[in-house]
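Residue-level listing of the chains:
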Amino acid sequence: MPQLLPSLAATDSRAVTANNRATPLVQKLWTRAGELKRVGVVRTPRFDESRTREEFRVLKRHMMARMEADAGPYDPRTILITSASPQEGKTTMALGLALSFMFEHDRRVVLIDADTGSSELSTRMKLGDQLGLLDYLDDEALEVSDILYPTSVRGVYAVPLGRPRITAPELMASQRMRRLLETLHDGTEERIVIMDSGSVLSCSATVSLAKHAGQILFVAAMGQSKRAEVDEGLGILHRQAGPIDETRVALVFNKTDRSQSPVRYSRRH
Amino acid sequence: MASMLDPLFALIKEESRRIWCYRWLVAATTLVLWGGAATYVLSLPSVYDAWGQIYVNGQTPLAATAEGMSLVGGGYGSPYVVQKTLLNDDNLAKVVLRMDPTAASKGKAAFEVEMNRLRRKIHFARDPGEDFVELHVTDTDPARARDLVRLLLNQFITRNVDRAQADLGRAGQFLDGQVAAYDAMVAASQVKIAEFRRTHPAVAALSATAVDNGLAAPRSAPATVAQAAPAPRSFAAARRVSELESQLAVLRSAYTEQYPDVIATRRQLAQALIARDLEEKAALTAAATYRPPVLLGGYPPRRAMPAPLPPAVASEWNNLQRNDEVLRSTYQQLLGKRVATHMSQAVYGADGAGKYQVTREPTVPTVPIGPNRALYLALAGLLAVGGGLGVGWLRAATQSIFVSTRELEQAVQLPVIGTLSWEPAWNTRPPRPPRLARVRGRIGGGTPNPPVILKSYRTTWDSQP
C-alpha cells in the first residue's frame, strides 16, 4: 500500500513552526502561495485547565486500556463520539480527547468531523470551506492527503466534513469509508481516529459510522439528557450497529458540577 | 450515624441538583407567583377598627326586688352575656337593615350572609375585674365602622333598658298584688284579735298585765300614787328599735349590706337594742324596790289578781298573736321591696343612663390596623419560593433527566467512564452583538463583529514535550 500519509510528519513540523511563530500574515502567505494546506486552528475555551485536563486524562486512560485489551472484530483505535440528542458536548469532547491524546509521545490523532447536522468541528477549526470527508467518499479521485489537514496543535490532524450531500449516510456506510479508516490506521505511527458525529436521534449517518467504530463514547449531559432519549439512542445503536456492550460502548457524563468530578483538588497552573 | 445519613444526604444532593437544572423555571415561577401575590396583597383595602366603651353594671336590675331569691345568675354584665345579647339575630338584623335598607329585598340567603359578615366584624374586650365592655368593629370604611359601633351600642342599651323596664314592671305588679293581699290579711288578723278580746275579757286583763310587764298594781293605784311612781320608759326605746328595724329593711331592699347607710343603721339599731335592755332592767328594779307613800299608813285593801286563762284559750290567743306578728313582718318586707322596685324603675329611665353608661363614644379611626402587608409579602415570598421549587422539581421529575453518574449507570446498565465538569467558558459561540449593532450590520453600516479572543491550549500544551 502506498504511503498515503508521508506528509504527516512533514506537516507536523511545519505546523509546529506555524504554531510557535506563525502570525496571521504568515498563514495568509502560506495559503496564498499554496505551499501548505490551510492550518486548522484548534481553539478551546478558557477554563480550569488543570481540572479539565485531568478529567480528559481519566477518559483517555480508560480508552487506552481498551485499546491494549483489543480482542474484538472492531478496531478500538477508531472512536466514535455521539449522543442521544444535540448540544450535549460531542465536539468539545472530541477536541478535548484529541488534545489529551496528543500528550502521548508515540501517538497521532486524526479528528474527523462526521456531524452532517451541524459540522461544528469544521467551523471551529475554520475549515468549513475546505475539501472534506464527504468529498473524499464521493470522489474516487481524491486521496486521503487531500482531506487531511494539519492543525495548530502538534500531532493533531483534522478531516473536515466537506460539502454537504444528501447521500451522506450512505457514503459513510460505504466500503470507501472503511478503507479510509484502514488507511488512517496504516503505518508505523500509532494513530487514533476520533469521529465527531451527530446525535443518534437526529442523524442517521451516526449509525453508519458506528459500524466502523471500535469504541463508542456516548455523551450524556447532566440535567439535559433525558432517560427516554438515552434509552432510545442506545437501542438504535444496538439494533443497527452491532451489539452494544460495555466492551465497546462507554458513557461520559458531561456538564456536571465539580462535586462529581474525579478530580477533587485542582489548581490553575 | 454519619454513614446512616449518607444515603439521605446523597438523595438531598441529587434532588437539589435536579431542581438546579431547572433553576430558571424555578426563578420565573417564583417571580410570577410572588408578583401575583404581591399584587393581590397590595390591592387589599385597609381595615379600620372603630370602638366604643360601655359600662355595664354586673348587678341585675332585679337585684333589689329579688333579694334572697335566685332569679338570675351572677353573670349579668359579663362580656359573654353582652356578646350573646348583642349578636343575636334579632339585633343584627336590625343593624343590617339600618345600614342597608334594601338588604331585606335581596333574599333570605343574602340577608343571612350580610348578618354573618357583620357578626365576623364585631368582637368584644373587657377590662379584667371591671364592668367596662369594649365593642370593636373592623371595616374597610372607617366612617361605616364608627356608625356600626354606634348603632350596636344604641341597640344594646335600648334593648336592655326595655327589658329591664318590662321586668321591673312585672315585678311591681306582682308586689302590688302581694301587698294588697297581705294588707287584707293583717286587717283580718286585727279583727280576729279584737273579737277574741271581747269574747275573753280575761285575755284583755292578762294582756294589759303582760304589756305593763307586771306593773298593774301601781297603774291601778290612785292617781297621786301613780304619778309618784317611776314612769315606764321602755316604750320609747322599743319604738326606737322598731323604727330602726323598719328603716333597715327599706335600706336593704335598695342597697347591699356594705352600703354605708345600711351599716350606720345597723349600728344605731344595735345601740338602741342595748338601750332598750338596760331600760327594761332598770324599770324592773325600780318596780321591785318601790314603796309608795301610802304604804306608810298601811296597805290598802289588796286587789284581786285576774284568774289564769284556761289552756285552750291561752293557746288560741298565742296563735293569733303569732300569726299577726308574721303577717305584719311579711307585710313590712313587701312594702320595702315595692319601694325598691319603684326606685329601680326610676333609675331605668327612658335612656337607661343610670345603668348603662357609654364611657367612650365611637369615633372615626384614622390609622388602619391592617392588613399587615409586609408580613403578607414575606409569607407570599416564602410560598412563592416553595411553589417555584415544587414546579422545578415536578418538571425535572417528569422529564426524567440525569443528575448523577449513579443514576445514569443504573438507567442504562453501561459503565460511565468519566465526567466532565461544566465550565462557564465552555460556550464557544461568539456572543451576540447588541441589537443596535445587528441592525447596523443588516443595513450595511457599522463595524463587523469583533473576533472572539479565547485562550488557546496552544500556548500551554505546545510547551509539553
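Since the model is a prediction, treat every value here as computed from it, not as a measurement.

(A) Inspection of helix H11 (residues 227-240) of chain A at higher detail. Its 14 residues place the ends of H11 of chain A 20 Å apart at the C-alpha level, agreeing with the 20 Å of an ideal helix rising 1.5 Å per residue. Where H11 of chain A is concerned, the buried positions are Val-230, Gly-233, Leu-234, Gly-235, Ile-236 and Leu-237 of chain A. Where H11 of chain A is buried, its residues meet strand E1 (78-83), helix H10 (205-210), strand E6 (215-221) and strand E7 (249-256) of chain A together with helix H14 (405-412) of chain B. A positive backbone phi angle near 90° is found at Gly-242 of chain A, which sits one or two residues after H11 of chain A.

(B) Representation of the packing of helix H4 (residues 89-99) of chain B against helix H5 (residues 108-121) of chain B in the model. All names here are of chain B. Close contact between H4 and H5 brings their axes to 10 Å; oriented N to C, the two are set at 100°. For the element pair H4 / H5, the angle class is roughly perpendicular. Each of Asp-89, Leu-92, Ala-93, Val-95, Val-96 and Leu-97 in H4 lies in contact with H5, whose residues at this interface are Phe-111, Glu-114, Met-115, Leu-118 and Arg-119.

(C) Highlighting the environment of Gly-89 of chain A. Residues and elements named next belong to chain A. By secondary structure assignment, the location of Gly-89 is in the loop between E1 and helix H4 (90-102). Overall, Gly-89 belongs to the buried group, its relative accessible area being 17%. When the C-alpha atoms of Gly-89 and Val-219 are compared, they prove to be 7.1 Å apart, with 130 residues separating the residues in sequence.

(D) Molecular detail of unusual backbone geometry. Between Gly-370 of chain B and the following residue, Pro-371 of chain B, the backbone shows a cis peptide bond with an omega angle of -5°. Turning to its location among the elements, Pro-371 of chain B is positioned in the loop between strand E4 (356-360) and helix H13 (373-399). Backbone geometry places Gln-87 of chain A, a non-glycine residue, at a positive phi of 60°. Among the structural elements, Gln-87 of chain A can be located in the loop between E1 and H4.

(E) Highlighting the pairing of strand E4 (residues 156-159) of chain A. Residues and elements named next belong to chain A. In E4, alternate side chains face the same way, and those of Val-156 and Ala-158 on one face and Tyr-157 and Val-159 on the other are all buried. Summarising the sheet, strand E2 (residues 107-114) and E4 pair through four bridges and their orientation is parallel. Note on E4: the bridge partner recorded for Val-110 is Tyr-157. Relative to E4, strand E3 (residues 149-150) runs antiparallel, the two being bridged by two bridges. In the sheet register, Tyr-149 faces E4, and the bridge partner there is Ala-158. The loop that links E3 with its antiparallel partner E4 comprises five residues; one of these, Gly-155, has a positive phi angle of about 85°.

Reading the values: the criteria
Residues numbered from 1 in each chain as written. Chains lettered and ligands numbered in written order. Predicted model: local features only at pLDDT ≥ 70, side-chain atom pairs only at ≥ 80, totals over all residues. Heavy atoms only, no water. Helix = DSSP H or I, 4+ residues; strand = E, 2+ residues; numbered from the N terminus. Expected span 1.5 Å × (residues − 1). Buried < 20%, exposed > 50% of the residue type's maximum accessible area, 1.4 Å probe, protein only. Contact = heavy atoms within 4.5 Å. Axes fitted to C-alpha atoms, helices over the stretch in contact; angles between N-to-C directions. Parallel < 35°, antiparallel > 145°, perpendicular 65-115°, else oblique. Pairing = 2+ DSSP bridges.

Such coordinate-based values are descriptive only and should not be taken to indicate function.
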